[in-house]
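Structural overview
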Amino acid sequence: MAEFFDKLPPMDLMRSEKMTFVQLIIPVESAHRAVSYLGELGLVQFKDLNDDKSPFQRTFVNQVKRCGEMSRKLRFFKEQINRAGLVSVPLPTMRPEIELEDLEIQLAEHEHELTENNSNSEKLQQSYNELLEFKLVLQKAGGFLSSSKGHPVAEERELDENIFSNHNYIETASMLEQEMRPESSNQSGLRFISGIICKSKALRFERMLFRSTRGNMLFNQAPAGETIMDPVTSEMVEKIVFVVFFSGEQARSKIIKICEAFGANCYPVPEDTTKQRQISGEVISRLSELEATLDAGIRHRNKALASIGSQLAKWSDLVRREKAVYDTLNMLNFDVTKKCLVGEGWCPIHAKVKIQEALQRATFDSNSQVGIIYHVMDAVEQPPTYFRTNKFTNAFQEIVDAYGVANYQEANPAVYTVITFPFLFAVMFGDWGHGLCLLVGALVLIASERKLSSQKLGSFMEMLFGGRYVLLLMSLFSIYCGLIYNEFFSVPFHIFGGSAYRCRDDTCSNARTDGLMKFTEPYPFGVDPSWRGSRTELPFLNSLKMKMSVLLGIVHMNLGIMMSYFNARFFGSQLDVRYQFVPQMIFLNSLFGYLSLLIIIKWCTGSQADLYHVMIYMFLSPTDDLGENQLFWGQRPLQIVLLLMALVAVPWMLFPKPFILKRLHHERFQGRTYGVLVSQETDLDAEPDSARLRHEEFNFSEVFVHQMIHSIEFVLGAVSNTASYLRLWALSLAHSELSTVFYEKVLLLAWGYNSIIIRLIGLAVFAFATTFILLMMETLSAFLHALRLHWVEYMNKFYHGEGYKFRPFSFAALTDDED
């Protein structure tokens, strides 16, 4: 048997790629180009030889800082482009490649230009906002001041003297400062302050004014009618124009302070309507000039941003690559005396020729007089795990890696998961109507593969798109299992001919009748449609799906134990074959394999034997007569033999392996201990693989306890894992019953009414329930249960999953997040 398996051709995914540990000695002049070419190749995982150094102590720290600064500038440009609402469209014309130093100068110039432009635009926008607010205050406050005509106030005189006589409006003192200038102390009578405030603050502002003046004021407000843009956040803000009438200098100072605290802008408004119209005209004229200036500035900025946007993707890619190259160079040792860099890392053996060709090309392109040395070394640590996957197998490999990355050269469960995972999902989800819906979704994702792969998707859509081929197989297997169950949205169909059963009377579906009777050959494929609606439907489907779940579980667990045999054969561990694989197969199949045999015999013979009774009394009283529960001749002695084999298999798993390991260890070091006595103690300490150190490494109690835990876990797990596969029966039944409820109690019930509105409502509820409950929640539930069956019940039989992934230095793996 072992020779037969050894002669089989190796599978690509069964074992991870063979790796080798290499050392690269690279001259300084060709180091950058060599690492760049290896990044394009993406087949070397460099080891960090400068773990003891901080990032600021490494050789190329200045280059990394420069790349980081350029990345910051590129992010600034991207933010500005997004803020302006522009779309970055790369130019179709091919421009010559730009060097990093030239790009650094260009980015600095563009940043300075944009920063200065933004600063000027912000100042102009602030001035524009002040004028716009002043115009709105003049328009809205005039109505509040109509009752106070003929009462000149100090603000009007200040307006004439300080503002409106000066044509250079922007360069005068701010309006708020003019408003707060000291007035003559003998001024008396009713006074007012006008201004504008955010609408969200108006209510609290009015309440604070009322409390601070103890009600000795009159507050009038009106909506501004226009939204004003915040120059900092670029958001449009609704504002309220207000006029506060008061009396006294003390009240004035309080109101001014409250305006400052609430961010209200106060503007002086004359009571004379003629002057109001004159000032409004001047303000509107100035606003038009500022608006033209702002538009010109925005056009200039957008033009500069469009020019930057056409090269932004190219520049970002260049900076990202250069930063990755210098980060990798910082992982290499710098030999000052020999002027070379020494790097170490892992690479697949099959990539040796490609790597050497890339290094030779780097030497030639950099005009180096000294070639790059490629040296294979021995490594102490375990190599990384690398599986060559494609877009179809990658998702299944990710499902396995989510549990744990395989050890180097360990048997890979993903080979069989490609089939078993979607099949076990379909056993729980089996409905070919729902399977067709999933198939349409999977085909849509596969058809738009090129479009979606180039877009930035959300987390859920990215997960769904990554598992499109998993979804495809799940839908195909669901259609197959749905045809087996004969369920289309819970409705049976006579697809493969007529039913083998007919009713004894006209009320066959009534629970009080004797049910169906068989009159022709069995239904050729799947469940006979006549079971649907009969009084024996649930007991029949319960029995069928429960027994089928047990059979599938036993087959799946046996596959897991067989995988442990392949692992033991590959690593040359005969102990694991003899004292782990063999007793595990005997124990599992003596009990639950025998149960599977009984199920098949009962199906084939149509016996009425109670399998629960058979299995229970196989342990309690194995020598008793089976009576009517006997399915075949010689069943009782066979059960006794199987029970004895299962009992023998437990100590077989537990005791031999630890004692044999102890004996082998003593035999291995028995002859070396005498050599240690004549050697010097210093030599012994200097030798890391000395006999004394190795002898102390073996701990019999630890090995025995580990073997005992493993044996107990397998024995108890054989029962619990078999029971766990009954979730295939439970979820399949739940899915079928849910579909029946939605079909009969929603769709058919609504269709029984003559009203078209009730029918449409019933159809809408049925579609909603089918989509969100059966196609989304039930799909997720079946997916998670299939995941558990693989991780816990299947992979724990052979899979360690304690390795680490092969992560080569590759430009293709770089993302924007690494900036």
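- Identification of the chain as V-type proton ATPase subunit a from Kalanchoe fedtschenkoi is taken from an unreviewed UniProt entry.
- As its UniProt record puts it under Sequence similarities (unreviewed entry), the chain is described as follows: "Belongs to the V-ATPase 116 kDa subunit family."
- Among the UniProt annotations of the chain, the heading Subcellular location (unreviewed entry) holds the following wording: "Membrane".

**Section: the overall build of the chain**
- The helix and strand inventory of the chain stands at 27 helices and 11 strands.
- Within the chain, the proportion of its 819 residues that are buried is 45%.
- Per element, the accessible surface of the chain, about 44600 Å² overall, is 58% carbon and sulfur.

**Some words on the environment of isoleucine 196**
- Among the secondary structure elements, isoleucine 196 is positioned in strand β3 (residues 191–198).
- Spatially, the C-alpha atoms of isoleucine 196 and alanine 264 are 5.7 Å apart, while their sequence positions differ by 68 residues.
- Each residue touching isoleucine 196, except ones within four places of it in the same chain, is listed here: Glu133, Leu136, Val137, Ala224, Ile228, Lys239, Ile240, Val241, Phe242, Ala264, Asn265 and Tyr267.

**A few points about the confidence of the model for the chain**
- For the chain, per-residue confidence averages 84 on the pLDDT scale, and 86% of positions sit at 70 or higher.
- Note that residues 147–188 has pLDDT below 50 and, in this model, 63 contacts with residues that lie over four places away or in other chains.

**A short note on the pattern of salt bridges**
- Enumeration over the complete set of coordinates arrives at 22 salt bridges.
- The salt bridge partner of aspartate 576 is lysine 657, with a shortest N-O separation of 2.6 Å. Of this pair, aspartate 576 sits in helix α18 (residues 574–605) while lysine 657 sits in helix α21 (residues 656–670), placing them 81 residues apart in sequence.
- A salt bridge links glutamate 667 to arginine 663, with the shortest nitrogen-to-oxygen separation between them at 3.2 Å. On the criterion of helical spacing, the pair formed by glutamate 667 and arginine 663 is a turn pair, its members being 4 residues apart in helix α21.

**Some remarks on the UniProt feature "transmembrane region" (unreviewed entry) in the chain**
- Within this structure's numbering, the places UniProt gives as "transmembrane region" (unreviewed entry) are residues 423–448, 469–486, 548–566, 586–603, 638–655 and 756–777.
- Annotated as residues 548–566, this span is 100% helix and 0% strand, and its ends, taken at the C-alpha atoms, are 27 Å apart.
- With 100% helix and 0% strand, the stretch residues 586–603 has end C-alpha atoms that lie 24 Å from each other.

**Quick notes on the pairing of strand β8 (residues 340–348)**
- The buried fraction of β8 amounts to 9 of the 9 residues, a majority that puts the element mostly inside the structure.
- What you see with β8 is no split at all: Cys340, Val342, Glu344, Trp346 and Pro348 on one side and Leu341, Gly343, Gly345 and Cys347 on the other are buried throughout.
- Here 9 bridges tie strand β1 (residues 19–27) to β8, and the two strands are oriented antiparallel to one another. Considered in β8, the bridge of glutamine 23 is made with glutamate 344.
- One ladder, built from 2 bridges, connects strand β2 (residues 45–46) with β8; its direction is antiparallel. In the strand pairing of β8, glutamine 45 is matched with tryptophan 346.
- By the bridge criterion, 3 bridges tie strand β7 (residues 333–335) to β8 in an arrangement that is antiparallel. Within β8, the residue paired with phenylalanine 334 across the bridge is leucine 341.

**Details of the UniProt feature "coiled-coil region" (unreviewed entry) in the chain**
- UniProt feature "coiled-coil region" (unreviewed entry): in the numbering of this structure it lies at residues 100–127.
- The span residues 100–127 is 100% helical and 0% strand by assignment, and the distance between its end C-alpha atoms comes to 40 Å.

**Describing helix α25 (residues 700–724)**
- For α25, which comprises 25 residues, the first-to-last C-alpha distance of 34 Å matches the rise-based estimate of 36 Å (1.5 Å per residue) to within 8%.
- Its maximal kink placed at glycine 717, α25 deviates by approximately 35°.
- All of the buried residues in α25 are Phe704, Gln707, Ser711, Phe714, Val715, Gly717, Ala718, Asn721, Thr722 and Ser724.

**Details of the packing of aromatic side chains**
- Taken as a whole and judged by the stated rule, the model has 37 aromatic pairs.
- Here the aromatic rings of phenylalanine 205 and phenylalanine 219 are separated by 5.9 Å at their centres, their planes lie at 70°, and the arrangement is edge-to-face. With phenylalanine 205 in helix α7 (residues 202–212) and phenylalanine 219 in strand β4 (residues 218–229), this residue pair connects regions lying 14 residues apart in the sequence. With respect to burial, phenylalanine 205 and phenylalanine 219 carry one shared label: buried.
- Pairing tyrosine 386 with phenylalanine 806 gives two aromatic rings, centres 4.9 Å apart and planes at 55°, and the pair type is tilted. Placement of the pair is tyrosine 386 in the loop between β9 (373–377) and α11 (394–403) and phenylalanine 806 in the segment after α27 (756–794), with a sequence separation of 420 residues.

**Quick word on the packing of helix α2 (residues 28–41) against helix α10 (residues 352–365)**
- Packing of α2 against α10 leaves a shortest axis separation of 9 Å and a crossing angle of 145°. When you trace α2 past α10, the crossing you get is right-handed. Between α2, through Ser30, Arg33, Ala34, Tyr37, Leu38 and Leu41, and α10, the contact on the second element is made entirely by Lys354, Ile355, Ala358, Leu359, Arg361, Ala362 and Asp365.
- A per-class count over the contact of α2 with α10 returns 8 nonpolar, 1 polar and 4 charged.

**What to know about unusual backbone geometry**
- Phi at arginine 214 is positive, roughly 55°, even though this residue is not glycine.
- The residue arginine 214 is located in the loop between α7 and β4 in this model.
- Given the relative accessible area of 76%, arginine 214 is considered exposed.
- Residues other than glycine seldom take positive phi values, yet phenylalanine 489 does so here, at roughly 55°.
- Looking at the element boundaries, phenylalanine 489 is found in the loop between α16 (468–485) and β10 (501–503).
- Given the relative accessible area of 18%, phenylalanine 489 is considered buried.

**Examining the side chain of glutamate 410**
- You can see glutamate 410 is positioned in the loop between α11 and α12 (414–429).
- Summary of buried charges: glutamate 410 has no salt-bridge partner, and the nearest side chain of opposite charge, arginine 15, is 7.6 Å away.
- Within the structure, glutamate 410 has its side chain in polar contact with the backbone nitrogen of asparagine 407 (distance 2.9 Å).
- A distance of 2.7 Å separates a polar side-chain atom of glutamate 410 from the backbone nitrogen of histidine 800.

**Describing the packing of α7 against helix α8 (residues 249–261)**
- Relative orientation of the contacting elements α7 and α8 amounts to 155°, with a least axis distance of 10 Å. Here α7 lies roughly antiparallel to α8, going by the angle between them. By crossing handedness, the relation of α7 to α8 is classed as right-handed. Facing α7, whose interface residues are Phe205, Met208, Leu209 and Ser212, α8 presents Lys254, Ile255, Ile258 and Cys259.
- Of the residues assigned to the contact of α7 with α8, the class counts are 6 nonpolar, 1 polar and 1 charged.

Conventions we followed
Residues numbered from 1 in each chain as written. Predicted model: local features only at pLDDT ≥ 70, side-chain atom pairs only at ≥ 80, totals over all residues. Heavy atoms only, no water. UniProt positions renumbered as here; feature names shortened; annotations may be inferred. Helix = DSSP H or I, 4+ residues; strand = E, 2+ residues; numbered from the N terminus. Buried < 20%, exposed > 50% of the residue type's maximum accessible area, 1.4 Å probe, protein only. Areas by Shrake-Rupley, 256 points an atom, 1.4 Å probe, with all protein chains shown as cover. Contact = heavy atoms within 4.5 Å. pLDDT = per-residue confidence, 0-100. Salt bridge = Lys/Arg side-chain N within 4 Å of Asp/Glu carboxyl O. Pairing = 2+ DSSP bridges. Expected span 1.5 Å × (residues − 1). Bend = angle between axes of the 7 residues up to and from the residue. Phe/Tyr/Trp six-rings, centres within 6.5 Å; stacked < 30°, edge-to-face > 60°. Axes fitted to C-alpha atoms, helices over the stretch in contact; angles between N-to-C directions. Left-handed = near helix turned anticlockwise from the far one by under 90°. Nonpolar A, V, L, I, M, F, W, Y, C, P; charged D, E, K, R; others polar. Lys, Arg positive; Asp, Glu negative; His and termini not counted. Polar contact = N/O pair within 3.5 Å; in protein donor to acceptor, adjacent residues only side chain to side chain. Parallel < 35°, antiparallel > 145°, perpendicular 65-115°, else oblique.

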